[in-house]
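Residues per chain, in single letters:
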Amino acid sequence: MNFVSAHLDQFQQNRKSRPKFYVLSMFPYPSGKLHMGHVRVYTISDAVARFQKMRGMQVINPMGWDAFGLPAENAAVEHGLHPAIWTQSNIQHMRKQFDALGLSFTWEREVTTCLPEYYKWTQYLFLKLFEAGIVYQKEALVNWDPVDQTVLANEQVDDNGCSWRSGAKVEQKYLKQWFIKTTAYAKAMFDALSDLPEWYGIKEMQANWIGDCVGCSLDFLLKVNGKVTEDKVAAYTYTPEAIYGASHLYILPTHRLLHGNSSLKEVFQREFIPGKDSLTSVTAVNLLTNQEIPVVISAKTNFDNFLDTKIGIPSTSAEDATVAKNLGISFTEVIETLPNGLEKVINSAEITGMTRQEALKAITQQAKNKRIGGDLTSDKLRDWLISRQRYWGTPIPIIHCQACGTVPVPYEDLPVVLPNVTTFTGKGASPLESAPEWVNCSCPRCKAAAQREVDTMDTFVDSAWYYLRYTDPHNTHRPFNSDLADYWMPVDLYIGGKEHAVMHLFYARFFSHFCHDLKMTKHKEPFHKLLVQGLIKNQTFRLPKTGQCLKREEVDLTGNEPVHLKTGEKLQVAWEKMSKSKHNGIDPEEIVKEYGIDTLRLYMLFAAPPEQDILWDAKTDAMPGVQRWQMRLWALATKLIEARTSGTMPNPELLNKKEKAEARKIWERKNLVTEYFTKDHLFNAAISRLMSLTNVLHQAPRPLVLHSTEFEDALASLCIMVAPMAPHIASEMWKGLAHMQNKLCTHHHWDVDVLNQSWPKVDTDYLQPLDVVEMSVLINNKACGKIFVPQQAARNFEEVRELVLQSELGVKHLQGRAIKKAFLSPRTALINFLVQE
């Protein structure tokens, strides 16, 4: 029985009995060394996965490697190591580091994007996009190193605009590039954001990235002297319904047609008068209406947002009307306003008589049907450039034939496997061009001599669909089985850094929408809930003149302020993201050696809520704090074991009335942290609550420890609730308790490890939301107290603001002060007032 059918059988049975939970942390690039950011994100996903498993969920917490990318190629240039060898060696090393942190990944679902069995399906999805007309080629600017004669990624260009390797001033050059038409899904993806209530803060960033989808692009053929050229151009309009009133096509002086390899370049350059709107002899034929209009080069240096090509429509734009009149271009009025204020379309062929809204729908639908544009998008969203002139990436499955043009590689010939290039210089064209036996092939259609595409794909393509592959990682017949994907998707909790809140999430959502349209998946949106974790920062010490970062050992920290050990010069001190180049990184392995795995895990969860940055050295009490807590937990288990082996038999009947009341109080305190794991993921608050339960148990008098069921149950529950966060100490404590004689609690499975226990059930009374919420009040980021606000008002900024201002606390601290701004965070029940000092 193969993996798929075995898994299908298994999940069909499990689906009936156990609900699923898919927790996913963003997979890493295999750089070879785990850093503190990795430790934080993977500790969070591990704690959530262990917790959900203890709740009886069927959990997957998969892990893999985003394994293509530039660093492997740089290593090949610098050290002569083949990218595949470098990458595999790094993966093996990082696997060991993961295991040393006690992370419970579902390793049997591991994916590695640089292996042919994965990228075969990346290529398959590319071909599906190609078939749908969503992949195309056009000229675009690249960073060009004139010395090494090679294309540079943005990150290979330094702050002075020079090449990182040759030091040459980088030029901008036009090359033919592959694009994915993400704008085709702009409106659908914008509208779907309303279905994502659990995307706190990130939803707005996505909406802003996409922009208001009010207009669309339409395709035009270009003609000169009455002859059709090979050049096509897509132009944007805010009012597609008025397209029959188009007077001219408007391009910027920076447009690729004036600077690239277009056959019209000379004509445009000759007829362009800088600083003036220049009417050219080139005309543009609208492929939808067949209207022919002149091309005008704008006097402007830029249009709105990222547009460089617009359709001039005088009926709906006074600016377009002015340009047309000044240049003597005739145009037709196509919008008529009726006496009742309704606007209708006139002089517009088959859409004449329609309302503007009806005409907009009709025009965009016609254009989409003919694949010549029509997708509603914004003026700021650009299509996704995926070409990379690199070796270490997914080969683009396209063949160029002189007779047939651009031909997709047949599905049965996938994967197009990377050839084994052995020499990497970092100079010249794409390294794939140095493998002629790979590049030269025959055309799949006419069998004539042809050439393979030598660009590879942007690594963001590999990571745009990996969450789907995890649902069925060993499938050799398709990217994934739809039934398996429909069972596991959407991801219930997706955890990663804020730096991926826009691009990666946008591309992943795009692929998910596309797969849904192909009927490969049931769910459009891939991620139900997002948890965006903050950075881990440490202090940097810079020389003021040069900005150079110093190592710790070069800094004198004994005085009031840090100075350079050699010169005594005062230093610039800042909190910055940990990095090797800034000399402010901390090696997780060193911390594990010094403090132990659980201490590091607990520190990561306790030092700050997940969304906030951790300032490593500032929180000096957190590391010793969680260390002390573990010692207190250990002492509690020891205390109970010693009491039970003292020779006195435990008997709850021996407790007096007062002791029974105290025992009841202990029992009430144990139903504490479930919501922190399911709702807000405020692990720091969960740990605080568990610390307070630890204190309550420490204060229990000896008779309670010996005779009360409640004490034993609360300690067992405490051990279970600690386990997802600190699995090693919890397992050791549990083993000790399991071997203890004369136990009073029978409902725990003492013979099974703590991580396989059922999560303590929360009383239903406790689950009822309280009628009031305790709201923390901050003034200029400093806590100054708390007030109670009604549950129904707690999410309303205006109401909370008023209640604070009217409260005793507000009168005392805010009356008569100028409030510049206030921010409400309903999730963390916090309001912050910024006031004039």
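In case you missed it, the structure is sitting above this.
Residues numbered from 1 in each chain as written. Predicted model: local features only at pLDDT ≥ 70, side-chain atom pairs only at ≥ 80, totals over all residues. Heavy atoms only, no water.

Draft legend 1. Region of interest: the sheet that holds strand E24 (residues 493-497). The 4 strands are arranged E2-E1-E24-E25 in an open sheet whose pairing can be described as parallel. At either margin of the open sheet sits one strand with a lone partner, and together these are strand E2 (58-60) and strand E25 (530-533). When strand polarity is set aside, the average angle formed by the axes of neighbouring strands in this sheet is 15°. In terms of strand pairing, E24 meets E25 through 4 bridges, oriented parallel. Looking across to E25, one finds that glycine 497 is bridged to glutamine 533. (Pairing = 2+ DSSP bridges. Helix = DSSP H or I, 4+ residues; strand = E, 2+ residues; numbered from the N terminus. Axes fitted to C-alpha atoms, helices over the stretch in contact; angles between N-to-C directions.)

Draft legend 2. Representation of the nonpolar core in the model. Counting 216 residues, the largest nonpolar core has Leu249, Tyr467, Phe511 and Trp616 as its most contacted members. When residues in this core are grouped by element, the largest group, 10 residues, is from helix H2 (residues 36-54). Not counting the four nearest positions on each side in its chain, phenylalanine 511 is found in contact with Leu125, Leu129, Trp384, Val461, Ala464, Trp465 and Tyr467. Of all hydrophobic cores here, the second largest spans 16 residues; its members include Val777, Ala794, Ala829 and Ile831. (Core = buried A, V, L, I, M, F, W, Y, C linked by side-chain atoms within 4.5 Å. Buried < 20%, exposed > 50% of the residue type's maximum accessible area, 1.4 Å probe, protein only. Contact = heavy atoms within 4.5 Å.)

Draft legend 3. Structural detail: empty space enclosed by the protein. Per the counting criterion, the structure on display carries 1 cavity of 30 Å³ or more. Of the pockets and cavities examined, the largest cavity occupies roughly 40 Å³. Lining the largest cavity are Met26, Tyr494, Ile495, Gly496, Gly497, Lys498, His500, Ala501, Leu505, Leu530, Leu531 and Val532. If you list the elements that add at least two residues to the lining of the largest cavity, you get E24 and E25. When residues in the lining of the largest cavity are grouped by element, the largest group, 4 residues, is from E24. The class makeup of the residues in the lining of the largest cavity is 8 nonpolar, 3 polar and 1 charged. (1 Å grid on protein atoms, 1.4 Å probe; cavity = no way out; pocket = protein on both sides within 12 Å on 5 of 7 lines; lining within 4 Å. Points joined across faces, edges and corners; volume = space filled by probe spheres on them. Nonpolar A, V, L, I, M, F, W, Y, C, P; charged D, E, K, R; others polar.)

Draft legend 4. A look at the sheet that holds strand E26 (residues 536-542). Read from one edge to the other, the open sheet built from 3 strands follows the order E29-E26-E30, with strand pairing classed as mixed. Among the strands making up the open sheet, the edge pair consists of strand E29 (572-577) and strand E30 (614-615). Alignment of E26 against E29, held across 6 bridges, turns out to be antiparallel. Counted as the bridge partner of threonine 540 is alanine 574 from E29.

Draft legend 5. Molecular detail of the side chain of threonine 599. You can see threonine 599 is positioned in helix H18 (residues 597-606). A distance of 2.9 Å separates a polar atom in the side chain of threonine 599 from the backbone oxygen of tyrosine 595. A distance of 2.9 Å separates polar atoms of two side chains, one belonging to threonine 599 and the other to glutamine 630. Not counting residues within four places of it along the chain, the set of residues in contact with threonine 599 comprises Met623, Val626, Gln627 and Gln630. (Polar contact = N/O pair within 3.5 Å; in protein donor to acceptor, adjacent residues only side chain to side chain.)

Draft legend 6. Here's a closer look at the packing of aromatic side chains. Under the counting rule described, the total for this entry stands at 39 aromatic pairs. The interplanar angle of 90° and the centroid separation of 4.7 Å between the aromatic rings of phenylalanine 51 and tryptophan 759 together place this pair among those described as edge-to-face. Placement of phenylalanine 51 in helix H2 and of tryptophan 759 in the loop between helix H25 (727-738) and helix H26 (764-767) is noted, with a sequence separation of 708 residues between them. A centroid spacing of 5.6 Å and a plane angle of 80° characterise the contact between phenylalanine 105 and tryptophan 107, whose relative ring orientation is edge-to-face. Given the relative accessible area of 8%, phenylalanine 105 is considered buried. A connected cluster of aromatic rings, assembled from ring pairs, spans Tyr185, Trp209, Trp384, Phe460, Phe506, Tyr507, Phe510, Phe511 and Phe514. A cation over a ring is seen here: lysine 138 above phenylalanine 179, with NZ or CZ 5.1 Å from the ring centre. (Phe/Tyr/Trp six-rings, centres within 6.5 Å; stacked < 30°, edge-to-face > 60°. Lys NZ or Arg CZ within 6 Å of the ring centre and 35° of its normal.)

Draft legend 7. The arrangement of the packing of helix H22 (residues 683-699) against helix H24 (residues 709-722) in detail. One way to put it is that H22 packs onto H24 with a least axis distance of 11 Å and a crossing angle of 155°. Judged by the angle between their axes, H22 and H24 are roughly antiparallel. Once H22 is placed against H24, the crossing between them reads as left-handed. Facing Leu690, Leu693, Thr694 and Leu697 of H22, the residues of H24 in contact are Phe711, Ala714, Leu715, Leu718, Met721 and Val722. Tallied by class, the residues present in the contact of H22 with H24 amount to 9 nonpolar, 1 polar and no charged. (Parallel < 35°, antiparallel > 145°, perpendicular 65-115°, else oblique. Left-handed = near helix turned anticlockwise from the far one by under 90°.)

That is the geometry; function is a separate question.
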